[in-house]
Amino acid sequence: MNELLKKYIKGDRIIWYVILLLSVFSCLVVYSATGNLAYKHQDGNAVYYLFRHAKFLLVGLGIIVAVHHINYKWFARFATVFLYVSIVLLVITAISGVSLNQASRWLTVPVVGISFQPSEIAKLALMMYIAKVLAQYQANDRTADEAFKPIMIHVAIVCGLIFKDDFSTAALIGFTSWLVMMIGRVSMKYLLGTVAAVMLFVTVVISLSDYVPFLHRASTWKARVERFIGGEDNTAGEVSADYQSERSQMAIATGGVFWGRGPGNSQQRYFLPHPYSDFVYAIIIEEWGILIGGFLIMFAYLILLFRAGVIVRASSRTFPAFLVVGLSTLLVVQAFINMGVAVGVMPVTGQPLPLVSMGGTSTLFTCLAFGAILSVSRNNMEEKELAAEAENENYESDKSNN
């Protein structure tokens, strides 16, 4: 068994442990948090959602195993194609996507009837493209500033197609892209100029939201931010963001510091909207406590970020290094947004907790990101082993010659 694992499971072992930890917690909390959902739609059978979620996790783990055996060079070769395919899907979604919570975010595949979120594809594709472009402009005869224009054009296209219906995802993509460019040594004058331009754009959009029907979601963003900073919550047509935040904080408060209510004993799962996705972190703390549940999950993502840094330092080429930076930053920033919303330090958004929240599209594409990160790690280890073997052969050759 151990030899079988060594043959098929490669790359950074600690990241594999993080994946296992998050997956186990995911199954435990999804089984508990879907009780109310099961009562409404499955005659109280929460096992249905557990098996459904476990199925996606198993498929996702299969994706990780398969993808981490792919040479990362293939990601660079197909990054541009992958990005343009995702842009086409975003355009189709904007035109004829399935409406959810007053937003067109889902695309249904004809005949088979499977629905997915093209924004999940776009996130990964854009990170691969940014890594590719930044790597191309790291040579001595070129500067990272030259990469700014092609990157920003595509970031603007992707975020522009997403922001109308899903501002939080557009902001997540934009912010992560900005961080990766900063790490890629793009000049701060360009980056700060981008921040100013985005702030101006968002201000204009929110100002026009009451007059332009096309921008109807902007009023929701405005209401949530106003509620967060102490204003009135005038969100219409959906559960009050203030109510969601209050219930989430009640769950955390009743969970306690050391011990929570215990697995399966959450009370707020009956009142919180989407306790199995958007507010899954609050349910974790309520049932497992702040130290056991809250800090353990938070440290898991911090360990992921740290190990990603180890992989970056071990990379001998720029593309895999930027790829790991982009994908790991994307996952960790998304995780901290979800946790920040749950504890009340950020306005309510709809970002799931990567690999923990219930959700097929999110789970599968999170696993794809993990697979790409582990692909770089595996390649680094193999290169190190080959270098060690070559050095040993040279040593033996020199020894025999002497």
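First, a word on scope: everything that follows refers to the structure included in this document. None of these values were measured; they are calculated from a predicted model.

What about the overall build of the protein?
A tally of regular secondary structure across the protein gives 15 helices and 3 strands. Pairs at least 24 residues apart make up 71% of the contacts formed inside the protein by residues separated by at least 6 positions.

Some words on helix H12 (residues 280-288)
When you tally the buried positions in H12, you get 8 out of 9 residues, the bulk of the element. Inspection of H12 places Val280, Tyr281, Ala282, Ile283, Ile284, Ile285, Glu286 and Glu287 among the buried residues, and these make up the whole buried set. Gly289 sits one or two residues past H12 and shows a positive phi near 85°.

Topic: the packing of aromatic side chains
Summed over all chains, the structure comprises 6 aromatic pairs. Between Tyr48 and Tyr49, the aromatic rings sit 5.0 Å apart at their centres with planes inclined by 85°, giving edge-to-face as the arrangement. Given a relative accessible area of 36%, Tyr48 falls into the partly exposed group. Of the residues examined, Tyr49 reaches a relative accessible area of 8% and is grouped as buried. Its guanidinium or amino end placed over the ring of Phe271, Arg247 lies 4.3 Å from that ring's centre, counting from NZ or CZ.

What about the side chain of His53?
Residue position: His53 is located in helix H4 (residues 47-67). His53 gets classed as buried once you look at its relative accessible area, which sits at 1%. Not counting chain neighbours up to four residues away, the residues in contact with His53 comprise Ser26, Cys27, Val30, Val356, Ser357, Met358, Gly359 and Thr363.

Digging into empty space enclosed by the protein
If a probe as big as a water molecule is rolled over the atoms, it shows which places are left empty. The full count for this structure, using the stated rule, is 2 cavities of 30 Å³ or more. Of the pockets and cavities examined, the second largest cavity occupies roughly 60 Å³. Along the lines of polarity and charge, the residues of the lining of the second largest cavity split into 5 nonpolar, 2 polar and 2 charged.

Topic: unusual backbone geometry
For Arg185, which is not a glycine, the phi torsion comes out positive at approximately 70°. The residue Arg185 is located in the loop between helix H8 (167-183) and helix H9 (188-208) in this model. A positive phi angle is found at Leu355, which is not glycine, with a value near 70°. Along the chain, Leu355 falls in the loop between helix H14 (318-343) and helix H15 (360-401).

Considering the pattern of salt bridges
Oppositely charged side chains can pair when the atoms bearing their charge come close. Counted under the stated rule, the structure contains 5 salt bridges. When the shortest N-O distance is used, the salt bridge between Glu286 and Arg261 registers 3.3 Å. Taken together, the positions of Glu286 in helix H12 and Arg261 in the loop between helix H11 (241-255) and H12 put the pair 25 residues apart, joining distant regions of the chain. Since its relative accessible area comes to 0%, Glu286 is described here as buried. Arg317 is the salt-bridge partner of Glu383, the closest N and O atoms lying 3.0 Å from each other.

Description of the environment of Phe299
Structurally, Phe299 can be placed in helix H13 (residues 290-314). Overall, Phe299 belongs to the partly exposed group, its relative accessible area being 43%. Considered as a pair, Phe299 and Val18 are 281 residues apart in the sequence and their alpha carbons are 9.5 Å apart.

Regarding the packing of helix H2 (residues 13-33) against H12
Put simply, H2 and H12 touch, their axes get as near as 10 Å, and they point 90° apart. Between H2 and H12, the interaxial angle falls into the category roughly perpendicular. Contacts between H2 and H12 involve Phe25, Leu28, Val29, Ser32 and Ala33 on the former and, on the latter, Val280, Ile283, Ile284, Glu287 and Trp288.

Comments concerning the environment of Val324
Structurally, Val324 is set in helix H14. Placed 16 residues apart in sequence, Val324 and Ala308 show a C-alpha to C-alpha distance of 6.3 Å. Dropping the residues within four chain positions of it, Val324 is found in contact with Ala308, Ile311, Val312, Thr329, Ile373 and Val376.

Comments concerning helix H6 (residues 118-136)
Spanning 19 residues, H6 covers 27 Å between terminal C-alpha atoms, matching the ideal 27 Å at 1.5 Å per step. Counting buried positions over the 19 residues of H6 gives 18, a clear majority of the element.

Calculation notes
Residues numbered from 1 in each chain as written. Predicted model: local features only at pLDDT ≥ 70, side-chain atom pairs only at ≥ 80, totals over all residues. Heavy atoms only, no water. Helix = DSSP H or I, 4+ residues; strand = E, 2+ residues; numbered from the N terminus. Contact = heavy atoms within 4.5 Å. Buried < 20%, exposed > 50% of the residue type's maximum accessible area, 1.4 Å probe, protein only. Phe/Tyr/Trp six-rings, centres within 6.5 Å; stacked < 30°, edge-to-face > 60°. Lys NZ or Arg CZ within 6 Å of the ring centre and 35° of its normal. 1 Å grid on protein atoms, 1.4 Å probe; cavity = no way out; pocket = protein on both sides within 12 Å on 5 of 7 lines; lining within 4 Å. Points joined across faces, edges and corners; volume = space filled by probe spheres on them. Nonpolar A, V, L, I, M, F, W, Y, C, P; charged D, E, K, R; others polar. Salt bridge = Lys/Arg side-chain N within 4 Å of Asp/Glu carboxyl O. Axes fitted to C-alpha atoms, helices over the stretch in contact; angles between N-to-C directions. Parallel < 35°, antiparallel > 145°, perpendicular 65-115°, else oblique. Expected span 1.5 Å × (residues − 1).

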